[in-house]
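Structural characterization, general
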Amino acid sequence: MTRHSVGRDSSTGANRMVTTTQSETRRGDGVKPGQRANAADRHVGSRIRERRVMMGLSQQQLARMIGVTYQQAHKYERGLNRISAGRLFEIAQVLGVGVSWFFEGLSAESEQHEISPRQRMCLELARNFAMIDNEKHQEALSQMARALAAQSQAAQGTIAVEPEAGETH
């Protein structure tokens, strides 16, 4: 199917005739060409943010580590600017993951969903834990979390598996 429409040239402001075919405007799956890329960009950006928060890094710190401005790092995380393959590889190295990690959970049908308050709390907990310098304090917090989890499971009638003596998490 061929469509004719009038478009405006952004540089001159003049009207011009635009001819498109059905295959140009939509793929067989009904998704416009730019939409899938944007969803993928947002997914990769959210995974960058997720990993950065897990490691306890600020956007400014990540930006310095990969050699971009804070604003550019922010745009990467929001999916507003695309990330080149080389830059994504560099980000993966800085964040200690493989490039494929950023694409986990991405599928053609999935849309980016906001993280739940529980997920946000878990990310914040991981970030704050990573910022604790004292290993004894980290171990104490870890033991407290295990004890609280065991207490919750006991209250629900389930049995928690106890770690072996000397095992740390």
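Calculation criteria
Residues numbered from 1 in each chain as written. Predicted model: local features only at pLDDT ≥ 70, side-chain atom pairs only at ≥ 80, totals over all residues. Heavy atoms only, no water. Phe/Tyr/Trp six-rings, centres within 6.5 Å; stacked < 30°, edge-to-face > 60°. Buried < 20%, exposed > 50% of the residue type's maximum accessible area, 1.4 Å probe, protein only. Lys NZ or Arg CZ within 6 Å of the ring centre and 35° of its normal. Helix = DSSP H or I, 4+ residues; strand = E, 2+ residues; numbered from the N terminus. Salt bridge = Lys/Arg side-chain N within 4 Å of Asp/Glu carboxyl O. Contact = heavy atoms within 4.5 Å. Core = buried A, V, L, I, M, F, W, Y, C linked by side-chain atoms within 4.5 Å. Arc of directions from axis to C-beta. 1 Å grid on protein atoms, 1.4 Å probe; cavity = no way out; pocket = protein on both sides within 12 Å on 5 of 7 lines; lining within 4 Å. Points joined across faces, edges and corners; volume = space filled by probe spheres on them. pLDDT = per-residue confidence, 0-100.

1. Section: the packing of aromatic side chains
- Here the structure, examined in full by the defined rule, presents one aromatic pair.
- Here the aromatic rings of Trp101 and Phe102 are separated by 5.6 Å at their centres, their planes lie at 85 degrees, and the arrangement is edge-to-face. This pair shows no difference in class: Trp101 is buried, exactly as Phe102 is.
- The ring of Trp101 carries Arg47 above its face, with NZ or CZ at 3.6 Å from the centroid.

2. With respect to the environment of Leu125
- The residue Leu125 is located in helix α6 (residues 117-130) in this model.
- In this structure the C-alpha to C-alpha distance between Leu125 and Met54, which are 71 residues apart in sequence, comes to 8.4 Å.

3. Quick notes on the pattern of salt bridges
- With the rule as written, the count across this model stands at six salt bridges.
- Between Asp41 and Arg82 there is a salt bridge whose closest N-O contact spans 2.9 Å. Taken together, the positions of Asp41 in helix α2 (residues 33-54) and Arg82 in the loop between α4 (70-78) and α5 (85-95) put the pair 41 residues apart, joining distant regions of the chain.
- As a salt-bridge pair, Glu77 and Arg52 come within 2.5 Å of each other at their nearest N and O atoms. Of the two residues, Glu77 sits in helix α4 while Arg52 sits in helix α2, which places them 25 residues apart along the sequence. As far as burial versus exposure is concerned, Glu77 and Arg52 are alike and both buried.
- Taken together, the shared-partner salt bridges connect Arg47, Glu50 and Glu104 into one network.

4. Some points on the side chain of Arg47
- For Arg47, the location among the structural elements is in helix α2.
- Not counting chain neighbours up to four residues away, the residues in contact with Arg47 comprise Trp101, Phe102 and Glu104.

5. Topic: the nonpolar core
- If you look at the biggest cluster of nonpolar residues, it comprises 17 residues, and the most contacted ones within it are Ile48, Ile83, Ile91, Leu95 and Phe102.
- Secondary structure elements with two or more residues in this core: α2, α3 (59-66), α4 and α5.
- Counting residues per element, this core draws most heavily on α5, which supplies four residues.
- If we ignore the near neighbours within four places in the chain, the residues touching Leu95 are Ile48, Arg51, Arg52, Met55, Leu57, Leu62 and Phe102.

6. A short note on α4
- Of all the positions in α4, only Ala73, Tyr76 and Glu77 are classed as buried. Angular distribution of buried residues about the axis of α4 spans 95 degrees; they occupy a single face of the element.

7. Some words on the layout of surface pockets
- Counted as a void, the second largest pocket has a volume near 420 Å³.
- Around the second largest pocket sit 12 residues that line it, and Met121, Cys122, Leu125, Ala126 and Ala145 are the ones nearest its centre.
- For the lining of the second largest pocket, the secondary-structure elements that each account for two or more residues are α6 and α7 (135-155).

8. Here we look at the confidence of the model for the protein chain
- On average, residues of the protein chain score 78 in pLDDT, and 67% of them reach the 70 mark or higher.
- Looking at the elements of the protein chain, mean pLDDT is at its lowest for helix α1 (residues 22-25), recorded as 44, and at its highest for α5, recorded as 95.
- Low pLDDT, under 50, characterises residues 20-29; the stretch is placed with 18 contacts to residues that sit more than four places away or in other chains.

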